[in-house]
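A closer look at the structure
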Amino acid sequence: MYEAYIFDLDGTLLNTLESLANCYNRTLSKHGYPTHEVDAYRYFIGDGAEKCVQRCLPESARKPEVIRAVMATQREDYRLNWQDRAAPYAGISALLNSLAARHVRIAVLSNKDQSFTESCVEYFLPNYAFDPVVGYSSTTPHKPDPTGARKIAANWGITPERIAFVGDTSMDIETANKSGMDAIGVLWGFRTKQELQDAGAKHIVVAPEEILELSP
């Protein structure tokens, strides 16, 4: 086993696809723009709210002032509705219980804003000692920038080679590789096996319990 694990949040610990899709679609409707099928958001989300808004909008509407206005509406909608249609994936609780029993360090690193990252972890995963819980902020850039992952490793005092970074997108795999950590790609999330392979995942798993069988 690894000495510690850093987990992505959306698409890895929590199934938030419908929750986020509904939020962005309500936002688009309020601004008079077309909405999208839920599955389209598998590729819209993952890089932070601004990138998602850019991808959601018609190309002709991707102007700075429009993006800012849509982002403000989206943030307010999500503030009111982040609990809706979201839940931990099957098997996540069992995995986290097993890691806790083995006294393994765990953390969350998300491209969600810091406040929303903290709220989701506290609400959906209250029984687990994620330390730290890190989201996007003025001091932590969006993944795949490795700043957040490197800070977590330094705070733990654990060398990156002994840490596994677990995520469901190429963004997570790239973050792991830039940080010197082993990348574990998960297939229950938002993206495909091919994407994870192409990004350079060291391991790819189809169920959470398989993570316990992996080692550096």
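The coordinates are above.
Residues numbered from 1 in each chain as written. Predicted model: local features only at pLDDT ≥ 70, side-chain atom pairs only at ≥ 80, totals over all residues. Heavy atoms only, no water.

We now examine unusual backbone geometry. The omega angle of the peptide bond from Asp-131 to Pro-132 is 10°, so this bond is cis rather than trans. Here Pro-132 lies in strand E5 (residues 130-136). Here His-103, not a glycine, exhibits a phi torsion of approximately 60°, which is positive. Among the structural elements, His-103 can be located in the loop between helix H5 (92-101) and strand E4 (105-113). (Helix = DSSP H or I, 4+ residues; strand = E, 2+ residues; numbered from the N terminus.)

Before going further, it helps to examine the packing of aromatic side chains. Throughout the structure, instances matching the rule amount to nine aromatic pairs. Relative to Tyr-5, the ring of Tyr-2 has its centre 5.9 Å away and its plane inclined at 75°; by these criteria the two rings are edge-to-face. With respect to burial, Tyr-2 and Tyr-5 carry one shared label: buried. Aromatic pair Tyr-5 and Phe-7: ring centres 6.2 Å apart, planes at 25°, arrangement stacked. Among the residues examined, Tyr-5 registers a relative accessible area of 0% and is labelled buried. (Phe/Tyr/Trp six-rings, centres within 6.5 Å; stacked < 30°, edge-to-face > 60°. Buried < 20%, exposed > 50% of the residue type's maximum accessible area, 1.4 Å probe, protein only.)

So, to be careful, I would describe these as geometric facts and stop short of saying anything about function.
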